[in-house]
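Spelled out from the first residue to the last, the chains are:
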Number of protein chains: 2
Amino acid sequence: MAENFSGTDEMKRAADIAAGRIKADVVLKNARYLDVFNARLCEGDIALCGGLIAGIGSYEGEKEYDFSGKVVLPGLIDSHMHIESTQLSPEEFASLAVPRGTTLVIADPHEIVNVCGLAGADYMSRAAARTPLDVRLMLPSCVPATPFETSGAVIDSKEIAKAFRGKRFFGLGEMMNYPAVAAGDEEVLAKIYAAHSTGRITDGHAPEMSGKALNSYIVSGVRTDHECATAAEAEEKVSRGMYVLLREGSASHDLKNLLPAVNERNFRRFALCTDDRHADGLAAEGHIDHVLRMAVKYGLKGELAAVMCTLNAAECYGLKGKGAIAPGYDADLAVFDDVQNFNCVAVFKDGRLVAEDGKPLFSGRLRLPAAVKNTVKVAPVSADTFTIKLNGTRARVIGLQEGTLVTKNLVEEVTSRNGDVVLEGTDLLRLAVVERHFASGRAGLGLVKGYGLKNGAAATTVSHDSHNIIVVGDDKQAMADAVEELKRIGGGMTLVHGGKIMSVPLDIAGLMSSAPAEKHVRLSAELYKAAYEAGVNRGIEAFMTLSFLALAVIPELRLTDRGLFDVNAFGFTPIDAQ
Amino acid sequence: MAENFSGTDEMKRAADIAAGRIKADVVLKNARYLDVFNARLCEGDIALCGGLIAGIGSYEGEKEYDFSGKVVLPGLIDSHMHIESTQLSPEEFASLAVPRGTTLVIADPHEIVNVCGLAGADYMSRAAARTPLDVRLMLPSCVPATPFETSGAVIDSKEIAKAFRGKRFFGLGEMMNYPAVAAGDEEVLAKIYAAHSTGRITDGHAPEMSGKALNSYIVSGVRTDHECATAAEAEEKVSRGMYVLLREGSASHDLKNLLPAVNERNFRRFALCTDDRHADGLAAEGHIDHVLRMAVKYGLKGELAAVMCTLNAAECYGLKGKGAIAPGYDADLAVFDDVQNFNCVAVFKDGRLVAEDGKPLFSGRLRLPAAVKNTVKVAPVSADTFTIKLNGTRARVIGLQEGTLVTKNLVEEVTSRNGDVVLEGTDLLRLAVVERHFASGRAGLGLVKGYGLKNGAAATTVSHDSHNIIVVGDDKQAMADAVEELKRIGGGMTLVHGGKIMSVPLDIAGLMSSAPAEKHVRLSAELYKAAYEAGVNRGIEAFMTLSFLALAVIPELRLTDRGLFDVNAFGFTPIDAQ
């Protein structure tokens, strides 16, 4: 950004290049470009001076790229995402996202901070700095997400105020505890105040919030929302001053439902995000380029969609110098075939070519600090750990449903023998959440219906939001073996079946793989395949569904390391039912 | 702005009001309001918490205002103006502008700083602080405007950098020396750099600038322009990332010509300004409310026009908490009959009612510091001061033209007698610019054609941009008397005719009147009337035209205290012509 000039010498050189008095460093020639301010395509060479755009017109450069027939866009911005959801390292994520045209992401390291505390965020930040991807880290606002579970760290308002005295965090991450904000809870308000008082933005997360409750959430200073489900909800939130981030992630597909809220008079208040995007979709379909394609498919003009993930995102987050192709803006540029298919052919970051024809022109050796390695700390487990002792014959059971993360709070007849439940001949499985941050030995036990695995166990260290080990199975020893396997490999997903153990390591905090993206995608696909072959219900996501069974904010019944949680009653509940 | 909460107690009270748990301080009831984010009118009560908007919906308040049938807008913003051009004190300006719905102006005190230096800006700032009007002061970038004249102060890049270490200036005022910026002049770039490096915006002024020259102006960091003459010019500037300020002032009426550049896709990049607005027009027609009426008259939808001078202006200038009616925004509100006629019926600033039915509910005693009083410092003058000695019979003459400030560089046959020109029987008059800041005795002399005064002299201390005394006449003694009169009254406009002297004092820096607006408007009208009766050509503005004859950047021929200036040749020229 022109505002970042180090002195008048730099300004003069930029002015000289812009005026055509000296050659530009780089010129992108013969392409059309997106004029984001008029939301239209224009013609003109783009002349660069170092990392800046100096001018648009007819220019000569020391280095010239011929992009005849192509369209140059500002680098794409993902306005809200969790890199951990890709299960890739930041470096591998960048290697997939940057060649798709993404040059900046607003990333909330909520998952890794729940495991490793702020050291996890530091790792993300340092890893991202080894790539051309501009990662603006939000400080997770809700660690732990609920008081009903054991996370690896607790970040309270004092910790947040302290962290905001430094520069590593760009803003306050999605404030998921929206009922507390609306209720005026002082500890939660203090977190937002810490952001306010240091000039930082606070991201929102307010599903179905409306009317006066929404007013009270917004007056406290929350500025964005990415949880709208309907066009009416989006329209109300925009009307109240929020930026609405249209989400098209791996599991959440809100874009289509929300587009009816968008028109030319209000499109400035919308940006795009993926929130949670898995490695496989990222590799096969893309990142924000995919969201753009979907937007066009659903009827939005490509130019308007592109302005949303460039200028609008930059305005929403106060990203000076980002989001436009104009003199003085940063030379973060993505070259596409057109603004319908958004096939990315080249990417420039800070004036340097960093990707071409879908391939990254950068690579870096991973560096994993101790803080994010070997994070699976569990006390020894045995088959007995998974013994479930009922007082009667009626048990509360988590009922899985296809196509939704919402579970049913069921009551089933269950027989017992020798102080343990007998599940043979039923479609019930044992479920456990084993605390894995402090090796406390604490485990919550429950029953689940509809998962479908036979003669084995499945387990993962990705278990929102505290990421304890969640393990399911009909074989107590297999469950113990699965936990031991996850401890051995430093976290991941594992299937114990027929005497064999098959695993995908997520050795970075138990959340992300240090493997190349391609390998991780392949291993994951093989593991899912094996899980379905072992009997897992094909109507659910073998491991992802498991990952959400500990999230005590989604109805109706959940399990944490502290026990069964009735979300509707918002309290723990015994497994014994009346 | 929510971001300005002093602590969580304030946040909690705002959240409580927003949620309806406690009564609001003030509620504006039963009106529609402008939802700037969707650019449409909506219904809902507006609940205030102190100086903030807490919520929109159905609310009860300790104090309630019934605005049935009315439309509430965010307080209007003038994105670029010079308060001095009103010839009123900041207090009197506010008393006219605020009841019209204006709650914030971006004001460049370019004129008073040319007279009094930064002490002049301090005065403006302190005076404005005694009103409810939010005046954001820009630091004048071009003092003096040209090196060809003597101003009361010189503000170089070092002075600017020093001033920006404090907080009194919001940004850098219009960078009129656009050729120097485009040329990469280091001193001029250093001024902009001083703004950059302290996070401040730089306003532009770039008439007819285009193509690569425009690129180089913008890459240096200039962000706005209010000098567009055509829609094509506006469109190019918007395309290059500038905010274009649509100007509708007393003399410059660009709005109509520029509106064809505006559409729903790009209207976010336009704001409104008056630049120079005189007291009479302000009193009779209005301020930004008048610009809104004109915009509607020229075919723009009222809602879009209103968004330009609210949300857009706030975004352009980074005015957090301004420009919208939504939770957490400042309670600066203007209530209108409708969005066609924009008749303002009430104004709230920071949650307090400050104007009603066109009348201010505030008043303050003027306080004039020594620095802005008695600023007319001239060496003694006599009739002889205005003697013009030609070497030959051909003289260069400033030719006035009706309806434009552009003059002709004429050559006329002029006879002389006793070492002085003889003007009887011609339509030529003597013109002089008498240096008035340092009593140097320096005076530039020239001849003017087309002014039309007979048997007297007219003079003013408003003389762009250095504001020396400019005096015109056919009677040398009357000219001397006029200068002495302006010295006596501390600046103003004066007419010496038929042995009588008639004056309008501009006792604040020789630019503004300490009188009430109404009185100043009446006196000015009387003086203009007398001037026309004394023979001044009715096709020109008796005193305003005079005020621009020293401005050495408008073609073709000008006069400063240092002599005749040929603007096209960009250099001084002798009065003797070939």
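Worth saying up front: this structure is predicted, and the values here are computed from it rather than measured.

## Observations regarding the pairing of strand β4 (residues 45-49) of chain B
The two faces of a sheet get side chains in turn, since along a regular strand they alternate between them. Residues and elements named next belong to chain B. Of all five residues in β4, five are buried, a share of seventy percent or more. Residues D45, A47 and C49 point to one face of β4 and I46 and L48 to the other, with burial holding for every one of them. Bridge count for strand β1 (residues 24-29) against β4 is three bridges, and the pairing is antiparallel. From the neighbouring strand, L28 faces β4, where its bridge partner is I46. Bridge analysis of β4 against strand β5 (residues 52-57) gives five bridges, and the strand direction is antiparallel. Note on β5: the bridge partner recorded for C49 is L52. Taking the residues that link successive antiparallel strands as the turn, the β4-β5 hairpin has two residues, and the phi of G50 there is positive, at about 60°.

## Thoughts on helix α8 (residues 211-219) of chain A
Within α8 of chain A the residues assigned to the buried category are L214, N215, S216, Y217, I218 and V219 of chain A. Residues of α8 of chain A that are buried in the fold lie against β11 (171-175), α6 (178-183), β12 (201-204) and α9 (231-239) of chain A together with α1 (8-18) and β5 of chain B. Residue G221 of chain A follows α8 of chain A closely and has a positive phi angle near 115°.

## What to know about the pairing of strand β17 (residues 344-349) of chain A
Residues and elements named next belong to chain A. Of all six residues in β17, six are buried, a share of seventy percent or more. Sheet topology places strand β16 (residues 333-336) next to β17; four bridges connect them, and they run antiparallel. Paired with V335 across the bridge in β17 is A346. Inspection of the sheet shows β17 paired to strand β18 (residues 352-356) by four bridges, in the antiparallel sense. Residue pairing in the sheet places K349 in a bridge with R352 of β18. Taking the residues that link successive antiparallel strands as the turn, the β17-β18 hairpin has two residues, and the phi of D350 there is positive, at about 50°.

## Considering unusual backbone geometry
Cis geometry is adopted by the peptide bond preceding D465 of chain A, which originates at H464 of chain A and carries an omega value of -10°. Along the chain, D465 of chain A turns up in the loop between β26 (456-460) and β27 (469-473). Omega for the bond connecting V143 of chain B with P144 of chain B falls within 30 degrees of zero, at 0°, which places this linkage in the cis form. Positionally, P144 of chain B belongs in the loop between β10 (134-139) and α5 (157-163). One non-glycine residue with positive phi stands out, namely N418 of chain A, at about 55°. One can find N418 of chain A in the loop between β22 (415-417) and β23 (420-422). Phi at N455 of chain B takes a positive value of approximately 60°, unusual for a residue other than glycine. Structurally, N455 of chain B can be placed in the loop between β25 (443-449) and β26 (456-460). A relative accessible area of 56% places N455 of chain B in the exposed class.

## Details of the relation of the copies chain A and chain B
Mapping chain A onto chain B calls for a screw motion: a turn of 180° about the axis and a shift of 0.0 Å along it, with 0.1 Å RMSD after fitting. Those values place the two copies in the arrangement expected of a two-fold rotation axis. Scanning chain A for the C-alpha nearest the rotation axis identifies E264 of chain A, at a separation of 2.9 Å. A shared interface surface links the copies, since 100% of the contact residues of chain A are contact residues in chain B too.

## Brief notes about the packing of aromatic side chains
Working definition: an aromatic ring pair is given by the centre-to-centre distance plus the angle between the planes. Residue and element names in this part refer to chain A. Applying the stated rule across the entire model yields 26 aromatic pairs over all chains. Judged by centre distance (5.8 Å) and plane angle (85°), the ring pair of F148 and F572 falls under edge-to-face. Of this pair, F148 sits in the loop between β10 (134-139) and α5 (157-163) while F572 sits in strand β32 (residues 571-572), and the two are 424 residues apart along the sequence. The buried category is assigned to F148, whose relative accessible area is 14%. A residue is classified by how much of its surface remains accessible, and F572, at 41% relative accessible area, is partly exposed. By way of ring pairs, the aromatic residues F148, F565, F570 and F572 are connected into one cluster.

## Re the sheet that holds strand β1 (residues 24-29) of chain A
Remark on secondary structure: sheet strands pair via backbone hydrogen bonds, oriented parallel or antiparallel. All names here are of chain A. With respect to topology, four strands assemble into an open sheet ordered β5-β4-β1-β6, the strand pairing being mixed. The open sheet terminates on both sides in strands that have one partner only, identified here as β5 (52-57) and β6 (61-66). The sheet shows a mean angle of 25° between the axes of neighbouring strands, direction not considered. Strands in contact with helix α1 (residues 8-18) are β1, β4 (45-49) and β5; relative to β4, the strand with the most contacts, it is inclined by about 160°.

## What to know about a negative patch on the surface
On the surface, D9 and E10 of chain A together with D156, E159, D185, E186 and E187 of chain B cluster together to form a negatively charged patch. Looking at the negative patch, the elements with two or more residues in it are α1 of chain A together with α7 (186-196) of chain B. Note on placement: E159 of chain B falls in helix α5. Exposure remark for E159 of chain B: the relative accessible area of 31% places this residue in the partly exposed category.

## As for the nonpolar core
In this structure, Y451 of chain A together with Y451 of chain B are the most contacted members of the largest nonpolar core, which totals 364 residues. Other than its neighbours up to four places away in sequence, Y451 of chain B contacts L400, L429, A458, V472, G535, V536, N537, I540, A542 and L546 of chain B.

## Notes on the environment of P555 of chain A
All names here are of chain A. With respect to the element layout, P555 can be found in the loop between α16 (544-547) and β30 (557-560). Judged by its relative accessible area of 30%, P555 is partly exposed. Those residues in contact with P555 that sit more than four places away from it in its chain are L405, V406, T407, V567 and N568.

## A short note on the state of the cysteines
For the coordinates displayed, the defined rule picks out zero disulfides over all chains. Of all cysteine sulfurs in the structure, the one in C228 of chain B sits closest to C42 of chain A, which takes part in no disulfide; the separation is 16 Å. What makes C42 of chain A buried here is its relative accessible area of 14%. You can see C142 of chain B has no disulfide; the closest cysteine sulfur is in C273 of chain B, sitting 17 Å from it.

## Observations concerning the environment of A163 of chain B
Secondary-structure assignment places A163 of chain B in helix α5. Separated by 268 residues in sequence, A163 of chain B and L431 of chain B place their C-alpha atoms 37 Å apart.

## Topic: the sheet that holds strand β8 (residues 76-81) of chain B
All names here are of chain B. If you walk across this open sheet you meet the five strands as β8-β9-β10-β11-β12, and the pairing is parallel. Where the open sheet ends on each side, the last strands, each with one partner, are β8 and β12 (201-204). Strand-to-strand twist in this sheet, taken as the mean axis angle between neighbours without regard to direction, amounts to 25°. Across four bridges, β8 lies against strand β9 (residues 102-107) in parallel orientation. Counted as the bridge partner of M81 is A107 from β9.

Quick notes on the rules
- Residues numbered from 1 in each chain as written.
- Chains lettered and ligands numbered in written order.
- Predicted model: local features only at pLDDT ≥ 70, side-chain atom pairs only at ≥ 80, totals over all residues.
- Heavy atoms only, no water.
- Buried < 20%, exposed > 50% of the residue type's maximum accessible area, 1.4 Å probe, protein only.
- Helix = DSSP H or I, 4+ residues; strand = E, 2+ residues; numbered from the N terminus.
- Pairing = 2+ DSSP bridges.
- Contact = heavy atoms within 4.5 Å.
- Least-squares fit on C-alpha atoms with pLDDT ≥ 70 in both.
- Phe/Tyr/Trp six-rings, centres within 6.5 Å; stacked < 30°, edge-to-face > 60°.
- Axes fitted to C-alpha atoms, helices over the stretch in contact; angles between N-to-C directions.
- Patch = residues over 30% accessible without salt bridge, like charges linked within 9 Å, V, L, I, M, F, W, Y side chains within 5 Å.
- Areas by Shrake-Rupley, 256 points an atom, 1.4 Å probe, with all protein chains shown as cover.
- Salt bridge = Lys/Arg side-chain N within 4 Å of Asp/Glu carboxyl O.
- Lys, Arg positive; Asp, Glu negative; His and termini not counted.
- Charge placed at Lys NZ, Arg CZ, Asp CG, Glu CD.
- Core = buried A, V, L, I, M, F, W, Y, C linked by side-chain atoms within 4.5 Å.
- Disulfide = S-S within 2.5 Å.

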